[in-house]
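# Breakdown of the fold
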Amino acid sequence: MGKKLSGKDLIKLGFPKNNSINVTLGYINRYHKRVKKEQILIEAKKVLVNPEAYQGNGVWGKIAESLVNPVEVKKQVLKAIRSPFQIFGENEIEDQAKYQLFDALKLPVAVAGALMPDAHTGYGLPIGGVLATKNSVIPYGVGVDIGCRMCLTIYPIAVSYLKGKKHQLENILSEHTKFGMYETHRVKHDHEIFERNEFNTIPFVKRLKDKAYKQLGTSGGGNHFVEFGTVSITESDNEWDLPTGEYLGLLSHSGSRGLGANIAKHYTYLATKQCPLPKHVQQLAWLDLNTHDGQEYWLAMNLAGDYAKACHDDIHARIAKLLGSKPIVKIENHHNFAWKQKVNGEECIVHRKGATPAAKGELGIIPGSMTAPGFIVRGLGNEKSLQSASHGAGRLLSRRKCKETLTRSEIKKELKAHEVTLVGGGIDEAPMAYKNIHKVMANQKELVEILGRFTPKIVRMDK
């Protein structure tokens, strides 16, 4: 018997002469390289005899699907009429972002959409775009940074601490937070997330476990940050029974690191192969949730979202220990994710790519920039926005534009005027790169109510 499995071996075993042979060879070569050929053939025969028993199985599930109910690849045609949508703060949003939403609303699976007041152009779905689809998930509708999220912890520490202990706080952020592609913590922490089934049952995800372990408690590059600041609670009727007034707060913004980026890339590739769309909307390719890959992406996406939360938990736990204080309040939310949610009475998949979930009573954080306040909000459950709100102020200038038009001395001047200390951070994250957060909040009064604000004072970003 030759060493490498061939199509002839599978035909001899009884496999039909169709795409199931390509699927089987592809999967075996990718995920079962080290298994002996004899063993593979024994297993393959079992799958052939009873494929239904293997559906949902990590390696063999895709092969079983190709035998029983192969994924039908057919050229998708856009609808002539857009699904219903609503735009909030329309006058502040560039046309290109609106056109991106309009294209998404013509997908055969689109049910409804909305654009948040901080929206700007992205890949596929615009940033600030919300899209409900029928029984399908768009990897690029979730985004590359799956589970990118905000987390705020509030401490029973006087705000004067920010000035009196400024150097100590700066040191905590520069020494104990890690950013970008290569920085990791010297002392690694374990977390229950690594016990999750998906790390064993999804072959592609299994390969990413070591990377995820190394990167736990770290933040990405770009607009990700960890910052100390002043929390002002302005609404006495709040969920935590916190008296109105000022507190020391720690705010972080980051996502699922290499784990999420690799999952996004892999399943986007599969989606584009299975769902051929006109070229200008190819990035909106979806996975049917009734398929093996659709189900697998859904599990992997949820794992990446929970991992992003675990990263924030680790960051906040490390810093709380150094502060020698326990937080009295924790508020957090994803803003790059997909959820199962009822839209017009039917269950849909609601993608929020740079949008905050704002169901009635749901709490969240909407940051401004490093010199503008962020807001603690409570959702009003507005159906027109698909129960969503903005995820921040939104970009005014692209990263390239920032590098072309802004100088470091301008940024320093701006930071000084707002008494903000910056550790790291590039020109492309200048405060001037962002829209006016107050305007954005004024354009979403029917989406959220404000309970308090967070004003950054010591900001740490990637170098």
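Let me sum up the structure you'll find in this document. (Residues numbered from 1 in each chain as written. Predicted model: local features only at pLDDT ≥ 70, side-chain atom pairs only at ≥ 80, totals over all residues. Heavy atoms only, no water.)

## Some words on the overall build of the protein chain
Check the secondary structure of the protein chain and you find 16 helices and 17 strands. For a compact globule of 463 residues, the expected C-alpha radius of gyration is about 23 Å, and the protein chain comes in at 24 Å, within 12% of that figure. Here the protein chain holds 463 residues, and 57% of them are scored as buried. The long-range fraction of contacts in the protein chain, counting pairs at least 24 apart against all pairs at least 6 apart in sequence, stands at 76%. Looking at the protein chain as shown, the accessible area adds up to about 21000 Å², and 50% of this sits on carbon and sulfur atoms. (Helix = DSSP H or I, 4+ residues; strand = E, 2+ residues; numbered from the N terminus. Rg over C-alpha atoms; globule rule 2.2 N^0.38 Å. Buried < 20%, exposed > 50% of the residue type's maximum accessible area, 1.4 Å probe, protein only. Contact = heavy atoms within 4.5 Å. Areas by Shrake-Rupley, 256 points an atom, 1.4 Å probe, with all protein chains shown as cover.)

## Here's the deal with the side chain of histidine 253
Examined against the element boundaries, histidine 253 turns out to sit in strand 7 (residues 245-254). The class of histidine 253 is buried, set by a relative accessible area of 6%. Within the local environment of histidine 253, its side chain forms a polar contact with the side chain of histidine 335, the two groups lying 3.2 Å apart. Setting aside chain neighbours within four positions, we find histidine 253 in contact with Cys148, Arg149, Met150, Asn223, His224, Phe225, His312 and His335. (Polar contact = N/O pair within 3.5 Å; in protein donor to acceptor, adjacent residues only side chain to side chain.)

## Quick look at the sheet that holds strand 2 (residues 110-120)
Across the sheet, which stays open at both edges, the five strands sit in the order 1-2-3-11-10 with mixed pairing between neighbours. Of all strands in the sheet, those bounded by a partner on one side alone are strand 1 (85-87) and strand 10 (336-343). Here the strands of the sheet are splayed against their neighbours by 15 degrees on average, with no regard to which way each runs. Both strand 2 and strand 3 (residues 127-133) contribute to a ladder of six bridges, which runs antiparallel. Looking across to strand 3, one finds that leucine 115 is bridged to glycine 129. Here helix 5 (residues 95-104) sits on the sheet and contacts strand 1, strand 2 and strand 3; the angle it forms with strand 2, its principal contact strand, is near 165 degrees. (Pairing = 2+ DSSP bridges. Axes fitted to C-alpha atoms, helices over the stretch in contact; angles between N-to-C directions.)

## Points about the side chain of glutamine 215
Secondary-structure assignment places glutamine 215 in helix 11 (residues 209-215). Within polar-contact distance, the side chain of glutamine 215 engages the backbone nitrogen of glycine 258 at 2.9 Å. Beyond its immediate sequence surroundings of up to four residues, glutamine 215 is in contact with Met181, Arg257, Gly258, Leu259, Tyr307 and Cys311.

## Some points on the pairing of strand 14 (residues 374-379)
With six of six residues buried, strand 14 is to be regarded as a mostly interior element. Taking every second residue as pointing to the same face, both faces of strand 14 are buried, with Gly374, Ile376 and Arg378 on one and Phe375, Val377 and Gly379 on the other. With six bridges connecting them, strand 14 and strand 17 (residues 448-461) associate as antiparallel partners. The residue of strand 17 that forms the bridge with glycine 374 is phenylalanine 454.

## Thoughts on the environment of leucine 107
Looking at the secondary structure, you find leucine 107 in the loop between helix 5 and strand 2. Ignoring anything within four residues of it in the chain, the contact list for leucine 107 reads Leu78, Lys79, Leu131, Ile138, Leu277, Leu284 and Trp286.

## Structural notes on the pattern of salt bridges
By the definition in use, this model includes 20 salt bridges. Here arginine 196 ties to glutamate 198 by a salt bridge, and the two come within 3.2 Å at their closest N and O atoms. The exposure class of arginine 196 is partly exposed, given its relative accessible area of 24%. Among the residues examined, glutamate 198 registers a relative accessible area of 11% and is labelled buried. The shortest N-O distance in the salt bridge between arginine 399 and aspartate 428 comes to 3.2 Å. A residue pair is termed long-range when its members are at least 10 positions apart, and arginine 399 in helix 14 (residues 399-405) and aspartate 428 in the loop between strand 16 (421-423) and helix 16 (437-442) qualify at 29 residues. Among the residues examined, arginine 399 registers a relative accessible area of 32% and is labelled partly exposed. (Salt bridge = Lys/Arg side-chain N within 4 Å of Asp/Glu carboxyl O.)

## Some words on helix 12 (residues 257-274)
Under the 1.5 Å per step criterion, the end-to-end length of helix 12 is 26 Å for 18 residues, consistent within 8% with the ideal 26 Å. Within helix 12, burial applies to Arg257, Gly258, Leu259, Gly260, Ile263, Ala264, His266, Tyr267, Thr268, Leu270, Ala271 and Gln274. (Expected span 1.5 Å × (residues − 1).)

## A few points about the packing of helix 2 (residues 19-31) against helix 4 (residues 60-68)
The interhelical angle for the contact between helix 2 and helix 4, taken along N-to-C directions, is 175 degrees, at an axis separation of 9 Å. Classified by the interaxial angle, the pair formed by helix 2 and helix 4 is roughly antiparallel. Along the contact surface, helix 2 presents Ser20, Val23, Thr24, Tyr27 and Ile28, while helix 4 presents Trp60, Lys62, Ile63, Ser66 and Leu67. Grouping the constituent residues of the contact of helix 2 with helix 4 by class yields six nonpolar, three polar and one charged. (Parallel < 35°, antiparallel > 145°, perpendicular 65-115°, else oblique. Nonpolar A, V, L, I, M, F, W, Y, C, P; charged D, E, K, R; others polar.)

## Considerations on unusual backbone geometry
Apart from glycine, the bulk of residues carry a negative phi angle, and the bulk of peptide bonds sit in the trans form. In this structure, asparagine 344 takes a positive phi of about 50 degrees despite not being glycine. Examined against the element boundaries, asparagine 344 turns out to sit in the loop between strand 10 and strand 11 (346-353). Among the residues examined, asparagine 344 registers a relative accessible area of 70% and is labelled exposed.

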